[in-house]
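Summary of the model geometry
Each chain, written out:
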Amino acid sequence: MSRYVIKFSKEGTIRYISHLDLLRLFKRSFKRTGIKLEHSQGFNPHPKMSFAQPLSLGYLSSGEYLEFDTTEACDTNAITEKLNSVMPEGLAVISCKELPKSGKSLAAMTNAADYEILIPLPPDFTKDVAEEIRNYVSREKILVLKHQKKSGKDMEVDIKPMISELNGMVDDNDIMMTMKLAAGSASNLSPELVLSTFTEFAGISYDRAEVFIKRTEIY
């Protein structure tokens, strides 16, 4: 058995494919290329492959990671070339690396992610975005209602400790924000919460359908 990780991008209209459909797409792609995946044991065996962090529907990305086990050793360059030969438009494998055969999964090791957000510039916008961000993060707490999956309830949470970096500027006809947020099983912050709370704080109006969110890296 050998263990690998690929880094890939998700651009264009394929950003509307769901997490589960993306997993199925990769399963079929491995089968088409002849790369033999290791399977789990038991009554319902499935390929040993998983994403470092699920990507929300509609998000773009230039830094997604998929780890997988194969039944035999493969050349990493060959894996990249074979997968790219069957990838649909919008998906591209950037690189492939071999991982130690044992150790924590990428999902267990993930603790942060970078995002870019483009917001169409409102008419007659005159505010200093950088200054608004400094005022936003300088508060003692940034409280939001966050849905708890286990309890099914909305609880007030301070998201400020989950924001490592937050920057912004006006770029042509858009407000561009970049951020590094907590991600993973221990602590996870959606960029949607930062977007909604910041724009409310700064008095910036926007149409969510016209906003682009892109994950650029996972750590």
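Let me begin by describing the structure that accompanies this report. (Residues numbered from 1 in each chain as written. Predicted model: local features only at pLDDT ≥ 70, side-chain atom pairs only at ≥ 80, totals over all residues. Heavy atoms only, no water.)

**Examining the layout of surface pockets**
For clarity, the cut-off: We place a 1 Å grid over just the protein atoms. Points where a 1.4 Å probe fits but has no way out form a cavity, open points with protein on both sides within 12 Å along at least 5 of 7 lines form a pocket, and any residue with an atom within 4 Å of a point lines it. Grid points are joined across faces, edges and corners, and a volume is the space filled by probe spheres set on the points. Under the scheme used here, helices are H or I runs from DSSP no shorter than 4 residues and strands are E runs no shorter than 2 residues, and both carry numbers assigned from the N terminus. Residues were grouped as follows: Ala, Val, Leu, Ile, Met, Phe, Trp, Tyr, Cys and Pro as nonpolar; Asp, Glu, Lys and Arg as charged; and all remaining residues, including Gly, as polar.
Estimates place the volume of the largest pocket at around 700 Å³. Surrounding the largest pocket, 24 residues form its lining, Lys146, Lys149, Asn188, Leu189 and Ser190 being those nearest its centre. Contributions of two or more residues to the lining of the largest pocket are made by strand S6 (143-147) and strand S7 (154-158). The class makeup of the residues in the lining of the largest pocket is 10 nonpolar, 10 polar and four charged. As a volume, the second largest pocket reaches approximately 160 Å³. Arg15, Tyr16, Leu57, Gly58, Tyr59, Glu192, Arg208, Ala209, Glu210, Val211, Phe212 and Ile213 are the residues that line the second largest pocket. Split into classes, the residues belonging to the lining of the second largest pocket amount to seven nonpolar, one polar and four charged.

**Section: the nonpolar core**
Note the following rule: The nonpolar core is taken to be a set of buried Ala, Val, Leu, Ile, Met, Phe, Trp, Tyr and Cys residues, with the residues joined through side-chain atoms within 4.5 Å. Type-normalised accessible area, obtained with a 1.4 Å probe on protein chains alone, sets the label of each residue: buried when under 20%, exposed when over 50%, and partly exposed for intermediate values. Residue contacts are defined here by distance: any two heavy atoms, one from each residue, within 4.5 Å place the two residues in contact.
Ile163 and Met177 are the most contacted members of the largest nonpolar core, which has 32 residues in total. Breaking this core down by element, the ones donating at least two residues are strand S5 (112-120), helix H4 (129-137), strand S8 (163-171), strand S9 (174-182) and helix H5 (191-202). For Met177, the contacting residues outside a window of four places in its chain are Tyr115, Glu116, Ile117, Ile119, Ile133, Leu166, Asn167, Gly168 and Phe198. Within the second largest apolar cluster, 23 residues are counted, among which are Phe8, Ile17, Phe68 and Val86.

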